[in-house]
Amino acid sequence: MKIRGALVVAVAVIGLGVLLGGLRVNPYIYFAGYVVLQYVVIATAWNVLGGYAGYVNFGTPAFFALGAYTSIALLEAFRAPLPVLILCGGLVAGLLGLGIGYLTLRLKGVFFSIATFALSVVLQTLIINWDYVGGAKGYTLIRPPVPFFRSWAVLLFILMVVLAVVTVLVARTIERSWIGRGLAALRDNEEAAECMGVPTLRLKLFATTISGFFLGVAGAPFPYYVTYVEPSSTFDLNYAVNALAMPMIGGTTTWLGPVIGAVLLGTAQQIATVTISSELNLLIVGVVLVLFVVLAPEGLTGLVRKLRRGRA
Amino acid sequence: MFSWDLVANAVVAGILLGGFYAAVSLGVSLTFGLLDVVNIAHPAFVILGAYAAYVMNSSFGLDPILTGVLFTPLFYLIGAGVYRIYYGSFERRGEESLRGLVFFFGLLFIIEVALSLKYGVDYRMVEAAYIGKSIDLGGVGIAFRLLVPCLVGLAMTLALYLFLSRTFYGRAVMGVSQDQVALRLMGANPVRIKTIAFGLGIAAASLSGALLITISPVVPSTDRDYIGRVFAITVLGGLGSIGGTLVASIILGVAESLMATLFGPSWSLAVSFGILLLALAVRPAGLFGR
């Protein structure tokens, strides 16, 4: 697929989203769809660093929550409009990403992952003790009347469709450019890549910043979605596990993997939450994650590739 | 507001807490420090041990620490089993670093969710004669619920130190961490040695879980607080150094206790993770690193 072809598909997906927004279906569809699409953004953003560059980030909740809390601070201070919130949420989380990028100078592999986890807890402690954005009590957002659309659910759903498409397009572009090849080289062997003239530090900084940016973007509309934000649910470990599990299930080396993983696992979770229980659906995520890492380390896209090669 | 009495109490409580933190971190020192297996699920096994103590205590009135000791063989077997799966799926294929990490992260998540499905998210605690008693040493109170876990933690540290330095298997574990090929040439099987060491690590985790529930009530998600603590301690102490683990535990215990007394308990968790980030950024080899 050329760039133009990809753009056509992207516009078609957005059009489909708007069409779905116009239909008079059960509003729950929009709420559930928002969560699934949010996971498409999260999984794709995580994969830019985790899949392409091979640096496993356990701190997804930190970036997501930073996006959400940037929104709250801006709402509290200026009642800033939604597009500004998304941009600023992304930028602040991107800055944090740049910060952890410099961390990669000293910390490789496991140590990097543990440090990102630590970062998430430190940030959560700061937010709990910061009363301006609600502190431990949480923050309640009163939504203004909805502009243009029938309801906030529809607006947020279509917004997430657009964000998901943009994120995937960016990830796809990175993957197919020299940046993607450079990242793949440093994932396989950082020292060798450095010796061959790959600018590893600049590439890593790029990957951590972009990844952080889109994780923040995913979190920025979150206050509008839930209307009540408190630290323990915004910094939930589920985000970290899902951000790992979805690309692992789909396959981490291509942009398609996280999308497939997020749609499958995200939808399964939504269905399980309604029909069984929300605790049990978490158990399913954990078990599926472990099974995939043990049995199909290349994910679904890897399995398909293997089957095709076997037949040919 | 500021009084030296308060500080003295906080320091003593911190040292006692440190002895307990050493117990929690020993397993990670062994598995991560010596075997290079990133067992990030270690805190989940600590909580599992705590719930074992809770169940035996509430239904049979067994002493929590006695239960902890009784359960160690079972957890040793669980640990050995987990390591076999890990070895077969990742280490043998040479893909241990990333996927192994994800494997243990998933394991942690499964244990946590399974516990909250079975026992709910209420705080669970145990009862024993010594919990709630304390002695007073010139204005400084020493609570037995802290003193007993601290003593057990010190005993565990000493036992592990003697095991690693005096026994055949202990020395073999040290050997695995240095040179696996050389160990194989000496006629020992590294996989078997690692299985034993990993089993011991998980057994230590379960026993420290019994200590944990003696100190304070436990919920399934308590394990998250300890991920930072145990890795902060093992990194700060220097990977694989048992003495370093003890020193780092006491440093962390005192720092947290002072922070909680002076600024309020909601900040104390940030101490461990702050120390971890600082240690990783400034001196990844730790205080007593190789």
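Residues numbered from 1 in each chain as written. Chains lettered and ligands numbered in written order. Predicted model: local features only at pLDDT ≥ 70, side-chain atom pairs only at ≥ 80, totals over all residues.

**Describing the overall build of chain B**
Thought 1: Per the secondary structure count, chain B includes 11 helices and 2 strands.
Thought 2: Ordered by position from N to C terminus, the α and β elements of chain B give α-α-α-α-β-β-α-α-α-α-α-α-α.
Thought 3: In terms of overall dimensions, chain B is globule-like: its C-alpha atoms have a radius of gyration of 19 Å, near the 19 Å expected for 290 residues.
Thought 4: Expressed along its principal axes, the backbone C-alpha trace of chain B runs to roughly 60 × 45 × 35 Å.
Thought 5: Buried positions account for 53% of the 290 residues belonging to chain B.
Thought 6: Pairs at least 24 residues apart make up 79% of the contacts formed inside chain B by residues separated by at least 6 positions. (Helix = DSSP H or I, 4+ residues; strand = E, 2+ residues; numbered from the N terminus. Rg over C-alpha atoms; globule rule 2.2 N^0.38 Å. Buried ≥ 20, exposed ≤ 12 C-beta atoms within 10 Å, placed from the backbone. Contact = placed C-beta atoms within 7 Å.)

**Focus on the interface of chain A and chain B**
Thought 1: Contacts between chain A and chain B engage 33 residues on the former and 33 residues on the latter.
Thought 2: Taken together, the elements giving at least two residues each to the side of chain A that touches chain B come down to helix H5 (109-128), helix H12 (237-250) and helix H14 (278-295) of chain A.
Thought 3: Tallying contributions element by element places H5 of chain A first for the side of chain A that touches chain B, with 13 residues.
Thought 4: The residue inventory of the side of chain A that touches chain B, partitioned by class, reads 25 nonpolar, 6 polar and 2 charged. (Nonpolar A, V, L, I, M, F, W, Y, C, P; charged D, E, K, R; others polar.)

**Observations regarding the nonpolar core**
Thought 1: Ranked by internal contacts, the top residues of the largest apolar core, which has 198 residues, are Val41, Ile42 and Ala118 of chain A together with Ala50, Ala232 and Leu276 of chain B.
Thought 2: Counting residues per element, this core draws most heavily on helix H1 (residues 4-34) of chain B, at 14 residues. (Core = buried A, V, L, I, M, F, W, Y, C linked by C-beta atoms within 7 Å.)

**What about the packing of helix H3 (residues 64-91) of chain B against helix H8 (residues 190-215) of chain B?**
Residues and elements named next belong to chain B.
Thought 1: Remark: H3 packs on H8, axes separated minimally by 6 Å, with the N-to-C direction vectors making an angle of 145°. Handedness of the crossing formed by H3 with H8: right-handed.
Thought 2: Residue composition of the contact of H3 with H8, grouped by class: 22 nonpolar, 10 polar and 2 charged. (Axes fitted to C-alpha atoms, helices over the stretch in contact; angles between N-to-C directions. Left-handed = near helix turned anticlockwise from the far one by under 90°.)

**Quick word on H5 of chain A**
Thought 1: The end-to-end C-alpha distance of H5 of chain A, which contains 20 residues, comes to 30 Å, matching closely the 28 Å that a straight helix rising 1.5 Å per residue would cover.
Thought 2: H5 of chain A sits mainly inside the fold: 17 of its 20 residues count as buried. (Expected span 1.5 Å × (residues − 1).)

**Focus: the environment of phenylalanine 206 of chain A**
Residue and element names in this part refer to chain A.
Thought 1: Here phenylalanine 206 is to be found in helix H9 (residues 200-219).
Thought 2: Classification of phenylalanine 206 by C-beta neighbours within 10 Å gives buried; the count is 21.
Thought 3: Between the C-alpha atom of phenylalanine 206 and that of leucine 183, which follows or precedes it by 23 residues, the distance is 9.8 Å.

**A short note on the confidence of the model for chain A**
Thought 1: Within chain A, residue pLDDT values average 87, and 99% of them lie at 70 or more.
Thought 2: Of all the helices and strands in chain A, helix H15 (residues 299-311) of chain A carries the lowest mean pLDDT, 81, while H9 of chain A carries the highest, 94. (pLDDT = per-residue confidence, 0-100.)

**Thoughts on the pairing of strand S2 (residues 140-143) of chain B**
Thought 1: Strand direction decides the pairing type here: strand S1 (residues 134-137) of chain B and S2 of chain B, joined by 4 bridges, are antiparallel. Along S2 of chain B, the bridge assignment pairs serine 134 of chain B with alanine 143 of chain B. (Pairing = 2+ DSSP bridges.)

**Quick word on the packing of helix H3 (residues 60-78) of chain A against H5 of chain A**
All names here are of chain A.
Thought 1: At a minimum axis distance of 9 Å, the contact between H3 and H5 shows a crossing angle of 30°. Comparing the axis directions of H3 and H5 gives the class roughly parallel. Mapping the contact onto sequence places Pro61, Ala62, Ala65, Leu66 and Tyr69 in H3 and Leu119, Ser120, Leu123 and Ile127 in H5.
Thought 2: Residues belonging to the contact of H3 with H5 are distributed by class as follows: 8 nonpolar, 1 polar and no charged. (Parallel < 35°, antiparallel > 145°, perpendicular 65-115°, else oblique.)

**Digging into the confidence of the model for chain B**
All names here are of chain B.
Thought 1: Residue-level pLDDT values for chain B average 86, and 97% of them are 70 or greater.
Thought 2: Helix H2 (residues 42-60) holds the highest mean pLDDT among the elements of chain B, 93, whereas helix H7 (residues 180-185) holds the lowest, 77.
Thought 3: We note a pTM of 0.86 for the whole complex and an ipTM of 0.77 for its interfaces.

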